[in-house]
Every structure is written in structure tokens, then in C-alpha cells.
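The chain contents come next:
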Amino acid sequence: MDHVWVRYHERPVLEDISLTVEPGEILSVVGPNGGGKTTLLHSLVGFVQPFQGRIRVLGKDPSAHRQRGEIGYLPQINHINRLFPVSAEDVVKMARYARRKPGCRLKPEDHRRVSNVLERVGMAQWKHYHFGSLSGGQQQRVLIARALALDPQILLLDEPSTGLDAVAQDTFYQILRDIRDEYGLAILMVSHDIGTVSAFVDRLACLNTRLHFHGKPKDCIPSGVLEKVFGSRFNFVVHDEQCETCGPRS
Amino acid sequence: MMDILQFSFVYQALIMVLILAPLFGLLSFFIVLRRLSFLGAGIAHSAFGGVALGVFFGINPFLSALVFCVFAAVCMGRIVKRGQISYDTLIGILFAFSMALGAVLIALRKAYTFDLSGYLFGNILAVTLQDLIVAAAVSLLFYLFFALTLNRLLFLTFEQPVAQLSGIRTELLETLFLSFLALIIVVSIKLVGIILVSALVVLPASFGLLLSKRYRGVMVLSVFYTLTVLTAGLAVSYWLDLPPGSTMVLLGSLVYFIVLLIRRIVSSH
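Student: What exactly am I supposed to notice about the overall build of chain A here?
Tutor: Secondary structure assignment for chain A yields six helices and nine strands. A buried classification covers 42% of the 250 residues belonging to chain A. Sequence separation of 24 or more characterises 67% of the internal contacts of chain A that already satisfy a separation of 6 or more.

This is the structure:
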């Protein structure tokens, strides 16, 4: 993103945003509700057009990726109908069917890919379970598996940790890191939770209409940035490998 | 019992039921799971405006309703897509507009011979051979569309934005789906009636969802339910001399609530 501005009904939602994500990197954009995080993702996938600035995803205009499925996208999970009568495996298969011509059956390699990605996110043993009956963390893992089944080059996640307890968040972020390492994907997620996420990501950006900080989480966030972004005073503690209380992560 | 079948109009109505029931069973799945139940009501009621346009201009009311409903359904999809207005609001407006337009046009035309009750509540005597041919053609087209796009429709219904980013042409798919919905509703109006046809896009999948957590299971149950309820409703309406649409919908609702009650009792034990 290069000096991108987005407006809704003349109200600025994103102002002068410049941001890059490299392959094999996890970038988290944190900020308060209404700070423009989802709009940022929507502009990256082409749902929202910037009125100023330039966006390139994998070197192309975002809309160019729609026919190819090169972007794995996980919107907020709360809009999914939990009564939808599909199994975890059915959900992942949707991505493979999208890659086939209309009316075509899945090929053996599609079935192998579905099994592989479910295995990768640790959901193989739950593949026949009704999607709505899974926990929030398990549902997120199934949706990650579906995104991976598209063979994307970049993953975009909108508030993936919402509704997850601390253990489920840890497991989820660890899976993201494993996926990043194995597939070399660029991963960009937005979150209002600056706590847990900072221990797992490579870079952190703080967004409240404008981008206030853009660097490694271990770098000291300049004083006043969190107050500017979230609008209140913060005591921020990073629990990472150096944390004496937590000890090293396995 | 077989005396019911000695009349050709009953045969024709029965064939119509057998053609239409599976279509509603399948359509209903996508309507209910996308929470668009009110859309069926909106399209069905817009058919009244379409029928009245035909009466007013002296053209076949069926054809005018067909064109009017498909146009209304596709326009609704497009307008909602732009995000300026919600489905609920738009349908609410269209619903009232079409009914008012119909009433005014029929009053202006002074069409005293127009069978208003038949269009509103269904009339098995009104089903003609021509209607059967049109219904059969629509159903063949729908099955072809369904076979080609089932998995895409499933993805679209489950999570539209992700389906779009995964390479599915969601706008085209949605337009085709809404067009088929409008076509099938208009084709079934003579049998079921404008006011009650919307129930047939809601009840079948709601019933199926009570008994299955697999999409294939829900679809099979929806089709089975619709076939049973429409056939039984037709027979009961004939024997008791009742409007067929009302009888079918009453019977269908009754079956739904009984199964819902049984399910509640079973799950509470």
C-alpha cells in the first residue's frame, strides 16, 4: 500500500497508509474498533477502492486475484450461520471446488490436498464433525485450512482471535507461524488485541485511521503511540522468549 | 379413493405438484440458509403487480408476471449489492408497491371476470397443459443449473465474500439463482397462489434442518417433505373442496411444528 486514502461517505477511514508485507512474514495491524482495520483488509482484496494512493498485492491490482484464488481471506467468523449443515471437510472442499470448472467432481489430488491441510491445522480427526458444533478455535482452524486449500500466496485474517480463550489463541497463532514457515506465505492479520498477538508476529502496525507505528514488536513502541491509537493509557507487557515469567516457548 | 383421478384437471394439478415440489425443496435450502426467507414473499407479491399489468394491457398475465418478477428479483439483487439499501427494506417497499399497483390496474381495467381469488390463493382448475409444459421446461433448466453450480452455490451461501475471492463469479451466480427463484414462483402461482407460495421457499429446508446436519441430507429431506405435503395437500383440498394452496401450506406448517415439538421432546430427554 502506497499512500492510500479511503473514505466512506466523505468520512476518512484510512489516511495516507503505506504498508508492505514480505513473503514469509507475519504482520499484525492492531487498533481500536472503528479504526479502519477491516477497511484496510477490504481495500487489499478489492472490496473497497481507495480514492487516492496505490495498492498492489503480489504485484497486481487486488481485483486481478479474484479469478485465481491467490489471496486466502478469513473475514470475521461471527457472520457465519452456525446452523449451516456442513462438516469441517465440506468447508475445506468448497475451496477446491472453486478451483474446478462448474459441474466437475474433485480429483484425487484435491482430496489429498483437503486431507493435508486439515492435518496441517490439526483438524483431521474432526473432519466429519458438523462445522457449527466445533469450538470457535476449531472453526478458525478449519477456515485456515480452507484458505490453504486454495494454494494462496498471501493470507489475510480479520480479527481471528475474537472469542478465543488464551489457550486457543496460543494454539491458533502457533499454527499460523508453522504455516508461515512451511509455505512461506505472507500473513497479514488485523486485531484489536495487542497483547497475545505481539508475541507471535514478525512486525506490528498500530492503526487508528492513520498508521502510528510500523516495526518489530520487540522494538520499543514510541511513548504515546498506544495512547494515540487506543485513546487511553497503557501498561504493555510482551510475553515472548525473553519473558522471565513465561520462559521460552516450545 | 381413486375417483379423484378421474378428472383430467386433477391429473394436471398432480403433475404440476410433482414437477414443482423438488424445485422448492432445493431452492428452499439456499433461501433459508442465506436468511432470505422474506425474499420469496417479496417476489411472490410482486407477481400480483405483474399479473395486473397483463390484465391491464390485455396480454397473457402469466407472461407479464414472469417478466415483472424476474426483473424485480434481479434488480433487488443489484440494488442491495450497492449497499445503499437492505433486502428487508427493499422487499418491504416492493411488496406494498406491487400489491397497490395490481389493485389500481385491475380497478382501472374494470376486469370483473378476473379470477383474483384464484391468483391469490391458487386454483387447481386453472392449471393448463401449457402451464405444465412451461413448468417442465423451467424445471429442466433449473436441474441443469443446479447440477453445474451446486458446490459454488454452497460456497456462496456459506460465505459470499470468500467465495468471490476464491474465483467464483458470485454476481452472475446470484443473478441466475434469483431469476430461477422468480421463474419457479411465477410458474407455481396458479397452483399455490401469490399469498402462500412464499411459504414453499421457507418450509422445506426448515423441516430438513430439523432432522439433518448434512447438506445432502437436508436437501433430500426438503424434497421428500415438499412432495409429501403438496401431494397430500392437493388430495385434501380436492376432497374437502378447499383452496389447494392454503391446504398445502396449513398441512406443511402442521407437519413442521409437530416434528419441531417431537424433536424438542426427544432432545430434552
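Student: Any chance you could explain the overall build of chain B here in plain terms?
Tutor: The secondary structure content of chain B amounts to 12 helices and zero strands. Tracing chain B from N to C terminus, the helices and strands come up as α-α-α-α-α-α-α-α-α-α-α-α. Relative to a compact globule of 269 residues, whose C-alpha radius of gyration would be 18 Å, chain B shows 19 Å and is just as compact. Projected onto its principal axes, the C-alpha positions of chain B cover 55 × 45 × 35 Å. Within the span of chain B, comprising 269 residues, buried residues form 48% of the whole. Within chain B, contacts between residues separated by at least 24 positions form 71% of all contacts whose residues are at least 6 apart in sequence.

Student: Help me understand the interface of chain B and chain A, please; the structure alone is not making it clear to me.
Tutor: Note on interface size: it is often stated as the accessible area lost on association of the parts. At the interface, 24 residues of chain B touch 25 residues of chain A. When residues of the side of chain B that touches chain A are traced back to their parent elements, those giving at least two are helix H6 (129-158), helix H7 (160-165) and helix H11 (215-240) of chain B. Of the residues forming the side of chain B that touches chain A, the biggest block, eight residues, is contributed by H6(B). Residue classes in the side of chain B that touches chain A are distributed as 14 nonpolar, six polar and four charged.

Student: Looking at this structure, I do not really get the nonpolar core. What am I missing?
Tutor: Most often, soluble globular proteins keep nonpolar side chains buried together rather than apart. Residues and elements named next belong to chain B. With 156 residues, the main nonpolar core has Ala47, Cys69 and Ile185 as its most contacted residues. If one sorts the elements of this core by residue count, helix H1 (residues 8-33) sits on top with 15 residues. Setting aside residues no more than four positions away along its own chain, alanine 47 makes contact with Ala65, Cys69, Ile185, Val186, Ile189 and Ile194.

Student: Looking at this model, I keep getting lost on the confidence of the model for chain A. Mind explaining?
Tutor: As a general rule, the predicted coordinates of low-pLDDT regions are not to be interpreted in detail. Residue and element names in this part refer to chain A. When pLDDT is averaged across chain A, the result is 82; 83% of the residues are at 70 or more. Averaged over each element, pLDDT in chain A is lowest for helix H6 (residues 225-230) (61) and highest for helix H2 (residues 88-99) (94). Taken as a whole, residues 239-250 scores under 50 in pLDDT and shows five contacts with residues more than four places along the chain or in a different chain.

Student: Before we go on, may I ask you to explain unusual backbone geometry in this structure?
Tutor: Across residues other than glycine, the phi torsion is negative in most instances, and most of the peptide bonds are trans. Phi is positive for Leu58(A), close to 55 degrees, though the residue is something other than glycine. Here Leu58(A) lies in the loop between strand E4 (52-54) and strand E5 (71-74).

Student: Can you help me understand helix H8 (residues 170-192) of chain B in this one?
Tutor: Each α-helix turn comprises 3.6 residues. Residues three or four places apart therefore point the same way. Residue and element names in this part refer to chain B. In a regular helix each residue adds 1.5 Å, so 23 residues correspond to 33 Å; H8 covers 31 Å between its end C-alpha atoms and thus fits that length. Of all the 23 residues making up H8, 17 are buried; the element is thus mostly covered by neighbouring parts of the structure. Immediately downstream of H8, the backbone of glycine 193 shows phi near 100 degrees, a positive value.

Student: Mind showing me how you'd approach the environment of Val202(B) here?
Tutor: Residues and elements named next belong to chain B. Its location among the elements puts valine 202 in the loop between helix H9 (194-197) and helix H10 (203-211). By C-beta crowding, valine 202 is classed as buried, having 22 other C-beta atoms within 10 Å. For the pair valine 202 and glycine 40, spaced 162 residues apart in the sequence, the C-alpha separation amounts to 8.1 Å. Not counting residues within four places of it along the chain, the set of residues in contact with valine 202 comprises Ser28, Ile31, Val32, Ser37 and Gly40.

Student: What is the right way to read the environment of Pro12(A) from this model?
Tutor: Residue and element names in this part refer to chain A. Following the sequence through the fold, proline 12 ends up in strand E2 (residues 11-17). Proline 12 gets classed as partly exposed once you count the C-beta atoms within 10 Å, which come to 14. For the pair proline 12 and threonine 209, spaced 197 residues apart in sequence, the C-alpha to C-alpha distance is 7.5 Å. When neighbours within four sequence positions are excluded, proline 12 is seen to be in contact with Trp5, Arg7 and Thr209.

Student: Even after reading the chapter, I still don't get the pairing of strand E6 (residues 154-158) of chain A, so can you show me in this structure?
Tutor: In summary, the side chains of a regular strand alternate between the two faces of the sheet. All names here are of chain A. The element E6 is largely enclosed, with a buried count of five among its five residues. Here E6 shows a buried face lined by Ile154, Leu156 and Asp158 and a second buried face lined by Leu155 and Leu157. Here E5 pairs with E6 via four bridges, running parallel. Among the inter-strand pairings, isoleucine 71 is bridged to a residue of E6, identified as isoleucine 154. When E6 meets strand E7 (residues 186-191), the two strands line up parallel, connected through five bridges.

Student: Please explain the sheet that holds E2(A) as it appears in this structure.
Tutor: Backbone-to-backbone hydrogen bonds join strands into a sheet, with any given pair of strands oriented parallel or antiparallel. Residues and elements named next belong to chain A. What the three strands build is an open sheet, ordered E2-E1-E4; its pairing is antiparallel. Edge positions in the open sheet fall to E2 and E4, since each of these has one partner strand only. Neighbour-to-neighbour, the strand axes of this sheet turn through a mean angle of 25 degrees, independent of strand direction. In this structure, strand E1 (residues 2-8) lies alongside E2, joined through four bridges in antiparallel fashion. From the neighbouring strand, valine 6 faces E2, where its bridge partner is leucine 14.

Student: Would you take a moment to explain helix H3 (residues 61-81) of chain B for this structure?
Tutor: All names here are of chain B. Spanning 21 residues, H3 covers 30 Å between terminal C-alpha atoms, matching the ideal 30 Å at 1.5 Å per step. Every buried residue of H3 is accounted for by Pro61, Phe62, Ser64, Ala65, Leu66, Phe68, Cys69, Val70, Ala72, Ala73 and Met76. Looking at the packing, one finds that the buried side of H3 touches helix H2 (37-57), helix H4 (87-109) and H8.

So, how was this worked out
- Residues numbered from 1 in each chain as written.
- Chains lettered and ligands numbered in written order.
- Predicted model: local features only at pLDDT ≥ 70, side-chain atom pairs only at ≥ 80, totals over all residues.
- Helix = DSSP H or I, 4+ residues; strand = E, 2+ residues; numbered from the N terminus.
- Buried ≥ 20, exposed ≤ 12 C-beta atoms within 10 Å, placed from the backbone.
- Contact = placed C-beta atoms within 7 Å.
- Rg over C-alpha atoms; globule rule 2.2 N^0.38 Å.
- Nonpolar A, V, L, I, M, F, W, Y, C, P; charged D, E, K, R; others polar.
- Core = buried A, V, L, I, M, F, W, Y, C linked by C-beta atoms within 7 Å.
- pLDDT = per-residue confidence, 0-100.
- Expected span 1.5 Å × (residues − 1).
- Pairing = 2+ DSSP bridges.
- Axes fitted to C-alpha atoms, helices over the stretch in contact; angles between N-to-C directions.

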